[in-house]
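# Descriptive structure summary
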Amino acid sequence: MNDAVVRALDIGPESATAAYTIDITTLGARSGVPRRIEIWFHRVDGRWYLTGVPGPRSWYANLRANPRFIVHLKHGVTGDLPATAVPVDEPTRRRVITAVLDLQNRPDIAARVTRRQNLDEWLARSPLVEIVFDDEELRTASSAPVG
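Residues numbered from 1 in each chain as written. Predicted model: local features only at pLDDT ≥ 70, side-chain atom pairs only at ≥ 80, totals over all residues. Heavy atoms only, no water.

Per the secondary structure count, the chain includes 6 helices and 6 strands. Going residue by residue from the N terminus, the α and β elements of the chain occur as α-β-β-β-α-β-β-α-α-α-β-α. Of all intrachain contacts in the chain linking residues separated by at least 6 positions in sequence, the fraction that spans at least 24 positions is 66%. Of the roughly 8,000 Å² that the chain leaves accessible, carbon and sulfur atoms contribute 52%. (Helix = DSSP H or I, 4+ residues; strand = E, 2+ residues; numbered from the N terminus. Contact = heavy atoms within 4.5 Å. Areas by Shrake-Rupley, 256 points an atom, 1.4 Å probe, with all protein chains shown as cover.)

Next up, the structure:
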């Protein structure tokens, strides 16, 4: 695995906001047509996740219908990484959503947040999937928490 790709995926609470930004390509839930969007991804307890503000999201509907997708790395790192979206259990959901919302406490992010997000609302209504990369080295690396 390319060292630059590994570094790009080695994000944590101290990472620059740009490091969280990726593109993903999903297949449309009804159309089957590829759809590419920009989204933030997160690393919690050594695993990667996609989530978003509460409410219906097309990307989430697409991944529920067709869990295979591509992660496109950005910001000086080129990488198109095949992956599968995997549902998460409730304890994992709480841990990940809490970590994501804790990012609002960072001054650089707090300045961009127009209203504080409600944990209960996020737990009840936010899309959330784990990213499981096809690459064996990445799956093995995911077991090591960000240090």
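Along the chain, R43 turns up in strand 2 (residues 34-44). Relative accessible area serves as the criterion here: at 12%, R43 is assigned to the buried category. Here D10 takes part through its side chain, which lies 2.9 Å from a polar atom of the side chain of R43. (Buried < 20%, exposed > 50% of the residue type's maximum accessible area, 1.4 Å probe, protein only. Polar contact = N/O pair within 3.5 Å; in protein donor to acceptor, adjacent residues only side chain to side chain.)

Moving on to the pattern of salt bridges. Evaluation of the coordinates by the stated rule reveals 8 salt bridges. Here R47 ties to E130 by a salt bridge, and the two come within 3.1 Å at their closest N and O atoms. Of the two residues, R47 sits in strand 3 (residues 47-51) while E130 sits in strand 6 (residues 128-133), which places them 83 residues apart along the sequence. Under the relative-accessibility criterion, E130 is labelled buried at 11%. Close ionic contact of R68 with D134 constitutes a salt bridge, the shortest N to O distance being 2.7 Å. Here D134 lies in the loop between strand 6 and helix 6 (136-141) and R68 lies in strand 4 (residues 68-73), a separation of 66 residues in the sequence. (Salt bridge = Lys/Arg side-chain N within 4 Å of Asp/Glu carboxyl O.)

Among the secondary structure elements, T17 is positioned in the loop between helix 1 (3-9) and strand 1 (21-27). Between the alpha carbons of T17 and W40 there is a distance of 8.9 Å; along the sequence they are 23 residues apart.

Along the polypeptide, V5 turns up in helix 1. A relative accessible area of 4% places V5 in the buried class. A C-alpha to C-alpha distance of 9.6 Å links V5 and L138, two positions 133 residues apart in sequence. The residues touching V5, leaving out its near neighbours within four places in the chain, are L73, V77, T78 and L81.

Attention now goes to the pairing of strand 6. Strand residues, when the strand is regular, have side chains that alternate between the two faces of the sheet. Burial of strand 6 is extensive: 5 of the 6 residues sit out of reach of the surface. Pairing of strand 3 with strand 6 involves 4 bridges; the strand directions are antiparallel. The residue bridging T51 from the neighbouring strand is L128, located in strand 6. Across 4 bridges, the pairing between strand 5 (residues 79-86) and strand 6 is antiparallel. The residue bridging T84 from the neighbouring strand is V132, located in strand 6. (Pairing = 2+ DSSP bridges.)

What follows concerns the side chain of H72. Secondary-structure assignment places H72 in strand 4. Within the structure, the side chain of H72 is placed 2.6 Å from the side chain of T25, a separation counted as a polar contact. Sequence-distant contacts of H72, defined by excluding residues within four places in its chain, comprise I22, D23, I24, T25, R36, G79 and D80.

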